[in-house]
Amino acid sequence: MVSPTDAILVRCAEVGFFASGVCAAAASSHRRHVHAWLSAGRHGEMSYLAENLEQRLDPGAFVPGARSLVVVADRYCDGRRDRLGRPLFGRVARYARGQDYHRVLRERLEIVRDECRNRWPEHRFRACVDTAPVLEREHAARAGIGAIGKHTLLLIPGLGSWVVLGAIVTTMPLEATRAPAAATLPGVGGGALPQWGEEGAGAARGAGTTDGVDPCGACTRCIDACPTKCITPWSVDASACISYLTLEHRGAIDPGYHAALGDWLAGCDVCQEVCPHSAPTRRARRATSRPEYAPIRDGLDVLQILDFSEADRKALVDDSALERLLLPMLQRNAIIVAANTCPPPQRTALIQKLEQIAVDAGRDHVVRSTAATTIARLRAAQNEGSREE
C-alpha cells in the first residue's frame, strides 16, 4: 500500500515539480541568528521580514497544529553564462526573466493542496511560496532536497542553486525524507541524487549549516566575487546586496555602490555564477526546467528605460517577478547601469540626457538626484580619460 508521503511526492512529480521532499514542522534551529540579523538591520527596508516573526520561525505558529511540510522546488535555468559587456544594456537576474515564479509555483501547489484536502479532510493543508512567513530553504534542506551554501542559497547536488521553492504546511504527520526519490527529478536520468563531491563537501560545521551538512568546504568563491562584499559564510547583509538595492530599496542608492552594480538592472546572479555546484555541466543541461521560466528577455536597453512611462513599466513587469520594481526605481537603476556601461565616445551624449533629467520637475526626486550624482561621476571619468591621453 502506498503511504501518504509517497502518494503526495508522486503527485508533486506528476504536476511537474523538479524536486520534492518532506520534513517535520519543527521550529527553526537558527532563531538566535535571525534575531541578531534583524537587530543589526541587515534586512534593510524589508520590514515585512520582521513581521509575523514567530510564524516565520515556527511552522506551528503559521498553521496551528502543523506536523509536516511538503517542500517543492522548480528549476528555472541551467546556469549558462550570459553574453557580457553589452554597452548601455542592463541585465535581469535569471529567476525574473520568464513568467512570475510565484504564480507558476502556486498554481501547481494548490492542485496538490486541494487534492490532499479532499483525500484527508480531517487535516489542514496550506500552500505557500516565498511571500509567506516560512523559512523554506531551511525546510528544504531538512527534507533532503539539498544543503545551504555559504551564499545562503539551497544547493542541489550536481545541479546547484538555480531553483525557487514552495511548501505545503500540514497538520498531517508524514514520514520525513532524507534524499529525494528519483521520481521527483524529471529529466535527470534516473537514480537518486549524488552525494556531495570532494570539491564541495566539507567537514560538518554546525553553525550556519543545516543538519551539519556543509557543501562548500574551504570554497569562498561567492564571498570573493560578490561585488558589494555583502556575503559572509552562511549570512548575507541584504541591505548591501545588489538584488536588494535594485529591487527592494526605494530611495537613492549610495553612490559608493554605483560602480559595483555593473550591468545589473534588476537583481544579481554573481554568487550563483561563480559557485562550482551551479556550473552548467552536461548533467545540469540535461535536467529539465519548467517552460514557463524560459527567458522572455535577459535584460533591457537602459536608454529606452529613461523614457519609460508608467504604462511601459506595467507592460514590462506584467506576470513577472519584477512587480515590486516601481518606475522611479527602474529609472534610477537604468541611470547607474548606463554610466557603468557607456562607451567613452557616448559619454557626452549621456551626460546631456542626464542633465535634462536632473532638472525635470516631472521626474521623481530619486531619479533626479541619481542623475545629478551620475553626471559628476561621468565628468570625472571624462577628465581622467583626458589626462591619460
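You'll find the structure just up there.
What comes next concerns the included structure. (Residues numbered from 1 in each chain as written. Predicted model: local features only at pLDDT ≥ 70, side-chain atom pairs only at ≥ 80, totals over all residues. Heavy atoms only, no water.)

### A closer look at the packing of aromatic side chains
Scanning all chains against the criterion turns up three aromatic pairs. Centroid distance Tyr 76 to Trp 162: 6.2 Å. Interplanar angle 85°. Geometry classified as edge-to-face. One end of the pair, Tyr 76, is in the loop between strand 2 (68-75) and strand 3 (89-92); the other, Trp 162, is in the loop between strand 6 (154-155) and strand 7 (163-170), and 86 residues separate them in sequence. Residue classification places Tyr 76 among the buried residues on the basis of a relative accessible area of 7%. Summarising the aromatic geometry, the rings of Tyr 95 and Tyr 101 are spaced 5.8 Å apart at their centres and angled 80° between planes, so their arrangement reads as edge-to-face. There is no split in this pair, since Tyr 95 and Tyr 101 are both buried. One Lys or Arg, Arg 91, reaches over the ring of Trp 264 and ends 3.8 Å from the middle of that ring. Taking NZ or CZ as reference, Arg 108 lies 4.5 Å from the ring centre of Phe 17, over its face. (Phe/Tyr/Trp six-rings, centres within 6.5 Å; stacked < 30°, edge-to-face > 60°. Helix = DSSP H or I, 4+ residues; strand = E, 2+ residues; numbered from the N terminus. Buried < 20%, exposed > 50% of the residue type's maximum accessible area, 1.4 Å probe, protein only. Lys NZ or Arg CZ within 6 Å of the ring centre and 35° of its normal.)

### Some points on the nonpolar core
Ranked by size, the top nonpolar core spans 61 residues in total, and within it Ile 8, Val 70, Tyr 95, Leu 105 and Leu 354 carry the most contacts. Considering every element that reaches this core, the biggest residue donor is helix 13 (residues 327-341), with eight residues. Core analysis: the second largest hydrophobic core is formed by 28 residues, Ala 19, Val 71, Ala 132 and Ile 145 among them. (Core = buried A, V, L, I, M, F, W, Y, C linked by side-chain atoms within 4.5 Å.)

### Quick word on the sheet that holds strand 10 (residues 264-266)
Pairing within the open sheet is mixed, and its three strands lie in the order 10-3-11. The two strands at the open ends of the sheet, each matched to only one other strand, are strand 10 and strand 11 (299-301). The sheet shows a mean angle of 40° between the axes of neighbouring strands, direction not considered. Two elements, strand 3 and strand 10, share two bridges in a ladder whose sense is parallel. Bridged to Arg 91 within strand 10 is Trp 264. Of the strands in this sheet, strand 3 and strand 10 are in contact with helix 13, which crosses strand 10 at around 170°. (Pairing = 2+ DSSP bridges. Axes fitted to C-alpha atoms, helices over the stretch in contact; angles between N-to-C directions. Contact = heavy atoms within 4.5 Å.)

### Observations regarding the sheet that holds strand 7
Here four strands make up an open sheet; going across it, the order is 1-2-7-4 and the pairing antiparallel. The open sheet terminates on both sides in strands that have one partner only, identified here as strand 1 (19-24) and strand 4 (125-128). The average undirected angle you get between the axes of adjacent strands in this sheet is 20°. Relative to strand 7, strand 4 runs antiparallel, the two being bridged by four bridges. Directly across from Ala 127, in strand 7, lies its bridge partner Ile 168. Sitting on the sheet, helix 1 (residues 4-14) is in contact with strand 1 and strand 2, with an inclination near 150° to strand 1.

### Some details on the side chain of Asp 263
Relative to the helices and strands, Asp 263 is located in the loop between helix 8 (242-247) and strand 10. When neighbours within four sequence positions are excluded, Asp 263 is seen to be in contact with Phe 89, Gly 90, Arg 91, Val 337 and Thr 341.

### A few points about the pattern of salt bridges
Enumeration over the complete set of coordinates arrives at 25 salt bridges. In this structure, the salt-bridge partner of Asp 82 is Arg 94, at a minimum N-O distance of 3.7 Å. Of this pair, Asp 82 sits in the loop between strand 2 and strand 3 while Arg 94 is found in the loop between strand 3 and helix 5 (101-119), placing the two residues 12 residues apart along the sequence. The class for Asp 82 is buried, based on a relative accessible area of 13%. The exposure class assigned to Arg 94 is buried, which follows from its relative accessible area of 5%. Salt-bridge contacts for Glu 310 lead to Arg 313; the nearest nitrogen and oxygen are separated by 3.0 Å. Placement of the pair is Glu 310 and Arg 313 together in helix 12 (residues 310-317), with a separation of three residues, close to one helical turn. Exposure remark for Arg 313: the relative accessible area of 8% places this residue in the buried category. Each member of the salt-bridge network shares a partner with another, and the members are Asp 82, Arg 91, Arg 94, Arg 97, Asp 263, Asp 269 and Glu 273. (Salt bridge = Lys/Arg side-chain N within 4 Å of Asp/Glu carboxyl O.)

These figures come from the coordinates and say nothing about function on their own.
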